[in-house]
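Commentary on secondary and tertiary structure
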Amino acid sequence: MLKLLIIEDDVAAAASLKHGLEESGYAVELAHDGESGLQQARDGDHDLWVIDVMLPKRDGLALLKMLRDEGRRAPALILSALGKVDDRVNGLRAGGDDYVVKPYAFVELLARIEALLRRARSLSSPETVLQLADLKMDLLGRAVTRAGQEIDLQPREFDLLEYLMRHAGQVVTRTMLLENVWEYFFDPQTNVVDVHISRLRQKIDKSFSPPLLHTVRGTGYILRMEP
Amino acid sequence: MSGIWLAVSLLVLAGAAYWLARRRQQNLALLRNRLVAVTQSVRQTGDNIAHDLRTPLTRLRADVEAALRQEDGKVHRAALERVLDEIQGMQNIINALLALGQAEAGGMRVKKKTVDLTGLLMEMIELYAPSAEERQLTLKGRIDPNLTIEADRQLLARILSNLLDNELKYVPAGGLIMLSAAARGDKLEILVEDNGPGIPEDMRDKIFERFARLDPSRTVSSGAGLGLSLVRAFARVLQGDARVIESSLGGAAFIVTLSTSAADVSRPAP
Ligand SMILES: Nc1ncnc2c1ncn2[C@@H]1O[C@H](COP(=O)(O)OP(=O)(O)OP(=O)(O)O)[C@@H](O)[C@H]1O
Ligand SMILES: [Mg+2]
């Protein structure tokens, strides 16, 4: 079982986060201030840290920077208070791997945790071909086929599919797609991403079966064989 | 919230007033006028925020109470889903107000970099074109090649995204949206225009104020009236400005003017 450490001083928020993550199959440890968080991160063998920026005794970014300076490499997801534009940059600079603004949706946090854990596992093998069922992506030749038939994708559709393929079997949110495929760190009000997804779906799923690209209501999308 | 920034400026002004009072009497009148203006603006913003958060809160409360009067799990679930929508709406308002407060108080750090503006505009068209098409709108670009600017890509994109969101919301099906950009001396001009209903002349300035909307009714799906205030505040952070005129296409033409070298700018223009 993968082990997570959550360093968050809001006891109620931390408890419900712990509960949700345990339901999703993780072992979760809690720390409620920067000092004990630092100690637990040093002592424990965690697969990922979730770190709140504003913590009593030692702030989250300083804590993370110390851990990184000591050579500890667990992926870190930063939680920040609402609305500071520079926070994302500062968080990543301090050694964070991803960043979620409070108040966050639990599904958003979960999706990002899973993406980080996946990334940590697959970092060593840079793939050139991605495959799911009979859908194949040749990253070097930038060619896509399904059941042997060539599928013509626009450049952005290709990037979108590549991201989904790299996270196959895992929910990705609209925000994650905007950040990773378009590199926009804000959410437009219009359902722009949904429309791009439905176009991609037309191309890769319409005349084939089974469908691979599924909508997860209220959350985002998942690419996988089972419905 | 943004009220905090105004409150801070109020304090600063008060401090300055005290200091100056001991040195020069005649400056006091001037400062008092500014204080009055800031106070009014604090009060007005406060009123608007209260109003804007009270509307969804009222709906929330009614919804939850109605659901609690029943035992049906399905009804509860539906109510909770609406509650979540309302919360998201309130979160958006608070986020926008925080960004506005930061931008207007000069607290927004700009990551200056050479941005390929032509490329960015093409990207925005590419991002929005499918949604436009789905609403039976035509989105066209007329963008000069090789436009670059020293600015923050995210901020520029947020300006454009707010304007394009509006186009998709307010231009009726069958309409035309045109995005164009050109250099004018040491300035760049970005135009987002349409053949929709347009903005009446007497509202063209007002519409950039917080919470200003042509249709004052507010529902879950309608906006809060903060998009254009963000557009203007962000444009000013980049040492530019935003305004609206009548488009030659017949609808509204939103014009964002930016200086090509917004490089060293980290605070809004006065
Ligand atoms: N292209 C347009 N054509 C006609 N009216 C427009 C257009 N763009 C904006 N408006 C009017 O200006 C008002 C203010 O726009 P603004 O973007 O500030 O707020 P909003 O869209 O109502 O809400 P928000 O952007 O905060 O979700 C809108 O409510 C609408 O009445
Ligand atoms: Mg708007």
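Below, the discussion takes up the domain arrangement of chain A. Residues and elements named next belong to chain A. Split into domains, chain A comes out as domain 1 (3–124) and domain 2 (129–223). Facing the nine residues of domain 1 at the interface are 11 residues of domain 2. Between domain 1 and domain 2 the total buried area reaches about 870 Å² when both faces are included, carbon and sulfur atoms providing 49% of it. Inspection of the region where domain 1 meets domain 2 yields one salt bridge. Across the pair arginine 112 and glutamate 179 runs a salt bridge, and its minimum N-O distance is 3.2 Å. At the surface where domain 1 touches domain 2, the tally comes to four residue pairs in polar contact (both at pLDDT 80 or more). Examining the composition of the side of domain 1 that touches domain 2, we find that seven residues originate from one element, helix H5 (residues 106–122), more than from any other. For the side of domain 1 that touches domain 2, a count of residues per class yields three nonpolar, no polar and six charged.

Attention now moves to the packing of aromatic side chains. All names here are of chain B. Following the criterion strictly, the structure yields two aromatic pairs over all chains and no others. Ring geometry for phenylalanine 208 against phenylalanine 254: centres 6.3 Å apart, planes inclined by 70°, an arrangement best described as edge-to-face. With phenylalanine 208 in the loop between strand E5 (187–194) and helix H6 (227–237) and phenylalanine 254 in strand E7 (residues 252–259), the pair connects residues that are 46 residues apart, well separated along the chain. The aromatic ring of phenylalanine 208 is capped on one face by arginine 232, whose charged end is 4.2 Å from the ring centroid.

Turning next to the pattern of salt bridges. All names here are of chain A. As enumerated under the stated definition, the model contains 34 salt bridges over all chains in all. Residues glutamate 8 and lysine 102 are paired through a salt bridge, measuring 3.0 Å at the closest nitrogen-oxygen approach. Taken as a pair, glutamate 8 in the loop between strand E1 (3–7) and helix H1 (11–23) and lysine 102 in the loop between strand E5 (98–101) and H5 lie far apart in primary sequence, 94 residues in all. In this structure, the salt-bridge partner of lysine 102 is aspartate 52, at a minimum N-O distance of 3.2 Å. Of this pair, lysine 102 sits in the loop between E5 and H5 while aspartate 52 is found in strand E3 (residues 48–52), placing the two residues 50 residues apart along the sequence. For lysine 102, a relative accessible area of 22% gives the class partly exposed. Within this structure, Asp98, Glu108, Arg112 and Glu179 form a network of salt bridges that share partners.

Take the interface of chain B and chain A next. Counting from both sides, the interface comprises 28 residues of chain B and, opposite them, 23 residues of chain A. Counting the surface lost from both chain B and chain A, the interface buries some 2400 Å², and carbon and sulfur atoms represent 48% of this. At the junction of chain B with chain A, the criterion picks out three salt bridges. Arginine 199 of chain A is paired through a salt bridge with glutamate 133 of chain B; the nearest N and O atoms lie 2.9 Å apart. Where chain B packs against chain A, one counts 14 residue pairs in polar contact (both at pLDDT 80 or more). Only helix H3 (73–104), helix H4 (117–134) and helix H5 (153–170) of chain B provide two or more residues apiece to the side of chain B that touches chain A. It is H4 of chain B that provides the largest number of residues to the side of chain B that touches chain A, a total of 10 residues. When the residues that make up the side of chain B that touches chain A are grouped by side-chain class, the tally is 10 nonpolar, seven polar and 11 charged.

Our next topic: the site of ligand 1. Taken together, 19 residues surround ligand 1, and among them Asn166, Tyr170, Arg213, Leu226 and Leu228 of chain B come closest. Taken together, the residues near ligand 1 originate from chains A and B. One of the side-chain nitrogen or oxygen atoms of glutamine 189 of chain A is found 2.9 Å away from an oxygen atom of ligand 1. Taking glycine 227 of chain B, its main chain carries an N or O atom lying 3.2 Å from an oxygen atom of ligand 1.

Residue and element names in this part refer to chain A. Judged by pairing direction, the sheet is antiparallel, and its three strands sit side by side in the order E10-E12-E11 without closing on themselves. Looking at strand neighbours, the two that pair on one side only are strand E10 (172–173) and strand E11 (213–216), the edges of this open sheet. Summarising the sheet, E11 and strand E12 (residues 220–223) pair through four bridges and their orientation is antiparallel. Within E12, the residue paired with valine 216 across the bridge is glycine 220.

Attention now goes to the environment of glutamine 154 of chain A. All names here are of chain A. Structurally, the position occupied by glutamine 154 is in the loop between strand E9 (149–151) and helix H6 (155–166). When its relative accessible area of 47% is taken as the criterion, glutamine 154 is described as partly exposed. Residues glutamine 154 and glycine 60, 94 residues apart in the sequence, show an inter-C-alpha distance of 41 Å.

Much of the literature gives interface size as the accessible area that the parts lose upon coming together. All names here are of chain B. Domain annotation of chain B identifies domain 1 (11–104) and domain 2 (113–265). Contact residues are listed per partner, giving 15 residues for domain 1 and 13 residues for domain 2. In this assembly, domain 1 packs against domain 2 so that about 1300 Å² is buried in total across both faces, 68% of it on carbon and sulfur atoms. By the criterion of area lost to domain 2, the three top residues of domain 1 are Asp52, Leu100 and Ala103, representing 35% of everything that side buries.

Residues and elements named next belong to chain A. Across the sheet, which stays open at both edges, the four strands sit in the order E6-E7-E8-E9 with antiparallel pairing between neighbours. At either margin of the open sheet sits one strand with a lone partner, and together these are strand E6 (129–132) and E9. Ignoring strand direction, the axes of neighbouring strands in this sheet form an average angle of 25°. H6 contacts E6, strand E7 (135–138) and strand E8 (143–146) of the sheet and is inclined by roughly 115° relative to E7.

Rules and cut-offs
- Residue positions are counted from 1 within each chain, in the order its sequence is given.
- Each chain is given a letter, starting from A, and each ligand a number, starting from 1, according to the order in which they appear as written.
- The predicted origin of the model limits local features to residues at a pLDDT of at least 70 and limits the giving and counting of side-chain atom pairs to 80 or more, whereas totals for whole chains, interfaces and linings rest on all residues.
- Think of the side-chain values as coming from all heavy atoms in the structure, minus any hydrogens and water.
- For the purposes of this description, domain bounds are those given by an automatic or database domain assignment.
- Two residues form a contact once any of their heavy atoms are found within 4.5 Å.
- Here the quantity called buried area is the total loss of accessible area, with a 1.4 Å probe, experienced by two parts when brought into contact, counted for both.
- The term salt bridge refers to a side-chain nitrogen of Lys or Arg lying within 4 Å of a carboxyl oxygen of Asp or Glu.
- We define a polar contact as two N or O atoms separated by no more than 3.5 Å, with the added condition that, inside protein, one atom must be a possible hydrogen donor and the other a possible acceptor, whereas residues neighbouring each other in sequence contribute only through side-chain atom pairs.
- Runs of H or I in DSSP of at least four residues are treated as helices and runs of E of at least two as strands, each being numbered from the N terminus.
- Following the grouping adopted for this structure description, the nonpolar residues are Ala, Val, Leu, Ile, Met, Phe, Trp, Tyr, Cys and Pro, the charged ones are Asp, Glu, Lys and Arg, and the polar ones are all others, Gly among them.
- Ring geometry is summarised as follows: Phe, Tyr and Trp rings, the Trp one being its six-membered ring, pair when their centres sit within 6.5 Å, and such pairs are stacked at plane angles under 30 degrees, edge-to-face over 60 and tilted between the two.
- In this scheme, Lys NZ or Arg CZ marks a charge over a ring once it lies within 6 Å of the ring centre and within 35 degrees of the ring normal.
- Using a 1.4 Å probe on the protein chains alone, a residue whose accessible area is under 20% of its type maximum counts as buried, one over 50% counts as exposed, and one in between counts as partly exposed.
- We call a residue near a molecule or strand as soon as one heavy atom of that residue lies within 4 Å of the molecule or strand.
- At least two bridges found by DSSP between two strands are what make those strands a pair.
- For helices, the fitted axis covers only the stretch in contact; all axes are lines through C-alpha atoms, and the angles between them, taken along N-to-C directions, range from 0 to 180 degrees.

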